[in-house]
Amino acid sequence: MPEFYDKNHEAYAKSTFSADPSVFLEPFVSVIPPGACILDAGCGSGRDLLWLKNKGFRMTGFEKSAKLAKLACNNSGCPVIKGDFEEFDFSDYSFDAVIAVGSFVHIPRDRLFPVIRNISRGLADKGLFYISVKQGHGVETDDAGRTFFLWQNREIRALLESLCFHVIHFSKNPSALNSKDTWLGYVLRSA
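As a starting point, this report considers the structure included with it.

How each quantity is defined
Position numbers for residues start from 1 in each chain and track the written sequence from start to end. Whole-chain, interface and lining totals are the exception, using all residues; otherwise, since this is a predicted model, local features are given only for residues with pLDDT of at least 70 and side-chain atom pairs are given and counted only at 80 or more. Side-chain metrics in this entry use all non-hydrogen atoms of the structure; hydrogen atoms and water are not considered. Exposed residues in this analysis have more than 50% of their type's maximum accessible area, buried residues have under 20%, and partly exposed residues fall in between, with area computed by a 1.4 Å probe over protein chains only. In DSSP terms, a helix is any run of H or I states spanning at least four residues, a strand is any run of E spanning at least two, and both are numbered starting from the N terminus. Note on definitions: a residue-residue contact is assigned when non-hydrogen atoms from the two residues lie within 4.5 Å. For helices, the fitted line uses only the C-alpha atoms of the stretch in contact; every axis is such a line through C-alpha atoms, and the angle between N-to-C directions lies from 0 to 180 degrees. Here a crossing is called left-handed whenever its near helix is offset anticlockwise from the far helix by less than a right angle, and right-handed whenever the offset is clockwise. Note that Gly is not counted as nonpolar here; it falls among the polar residues with everything else outside the nonpolar set of Ala, Val, Leu, Ile, Met, Phe, Trp, Tyr, Cys and Pro and the charged set of Asp, Glu, Lys and Arg. Any Phe, Tyr or Trp ring, taking Trp's six-membered ring, that has another such ring centre within 6.5 Å forms a pair; planes under 30 degrees apart are called stacked, those over 60 apart edge-to-face, and the others tilted. Arc definition: directions from the helix axis to the C-beta atoms.

The subject of this paragraph is helix α3 (residues 22–29). Of all the 8 residues making up α3, 6 are buried; the element is thus mostly covered by neighbouring parts of the structure. The secondary structure elements touched by the buried residues of α3 are β1 (37–41), α4 (47–54), β4 (95–101), β5 (123–134), β8 (165–174) and β9 (182–190).

Bringing the packing of helix α6 (residues 109–120) against helix α7 (residues 153–162) into the picture now. Two numbers describe how α6 lies on α7: the axes approach to 10 Å, and their chain directions differ by 35°. Taken as a pair, α6 and α7 cross one another with a handedness that is right-handed. Across the interface between the two elements, R109, L112, F113 and I116 from α6 touch E155, I156, L159, L160 and S162 from α7. Class assignment for the residues of the contact of α6 with α7 results in 6 nonpolar, 1 polar and 2 charged.

For the rest of this paragraph, the subject is the packing of aromatic side chains. In the structure shown here, the tally under the stated rule is 11 aromatic pairs. Look at F62 and F85: their rings are 5.7 Å apart centre to centre, the planes differ by 20°, and that puts the pair in the stacked class. Taken together, the residues F62 in strand β2 (residues 58–63) and F85 in the loop between β3 (80–82) and β4 connect sequence positions 23 residues apart. Across the pair, F85 and F62 agree in class, each one buried. Taken together, a centroid distance of 5.2 Å and an interplanar angle of 45° make the contact between F170 and Y186 tilted. Taken together, the residues F170 in strand β8 and Y186 in strand β9 connect sequence positions 16 residues apart. Taking relative accessible area as the criterion, Y186 reaches 0% and is therefore assigned buried. Every member of this aromatic cluster is reached through a ring pair, and the members are F62, F85, F88, F90, Y93, F95 and F104.

It is worth spelling out unusual backbone geometry at this point. Only a minority of non-glycine residues have a phi that is not negative, and only a minority of peptide bonds are not trans. Even without a glycine there, the phi angle at K126 is positive, about 60°. Here K126 shows up in strand β5. The exposed category is assigned to K126, whose relative accessible area is 53%. For C164, which is not glycine, the phi dihedral falls at a positive 65°. Within the element layout of this structure, C164 appears in the loop between α7 and β8. Residue classification places C164 among the partly exposed positions, given a relative accessible area of 46%.

This part covers α7. When we look at burial in α7, the residues that qualify are I156, L159 and L160. Projection of α7 onto a plane perpendicular to its axis shows the buried side chains occupying an angular sector of 95°, all on one side. Relative to its buried face, α7 has exposed residues pointing more than 90 degrees away, namely R154 and E161. Along its buried surface, α7 packs onto α6, β5, β8 and β9. Within two residues after α7, C164 carries a phi angle of roughly 65°, on the positive side.

Spelled out as structure tokens, the structure:
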């Protein structure tokens, strides 16, 4: 999927950057210590990086699309690592928290467990993780040919619990960009 985002990085940034992340990130921010070191996994064009940086957090982005990674760095002034969730060695890091805002929508359901496990290797003990997934059943493909993997609350909770995460806050919000979409958000603490 990085090919789509490399080719359409400017249009994607234009359509998503102005959305206000406070709706879904305030519950996460309320439990994070001031000045925490946070990884934005799948940072897109840097909207959430900038928003959290402006709240006083020390931010690092992670993005598979080279062109979005460059935009994120330019838009936020934060370092951005270019890499793949499945191949990158996160164990060299110790972030206080990780956010993955809609970052897993293109990851097939059978590969999400190892992806989250791999990213969580970069979490400090008792670290926090924010994950949002699109609600629905099965798989859908949009007009641009992007495939989205959809989740029900009970399914994603079971997966998260199997990874030894405890849900400390749950939200269900309509998308700011597409009124037909609903996002399930989870603030998690690692065991």
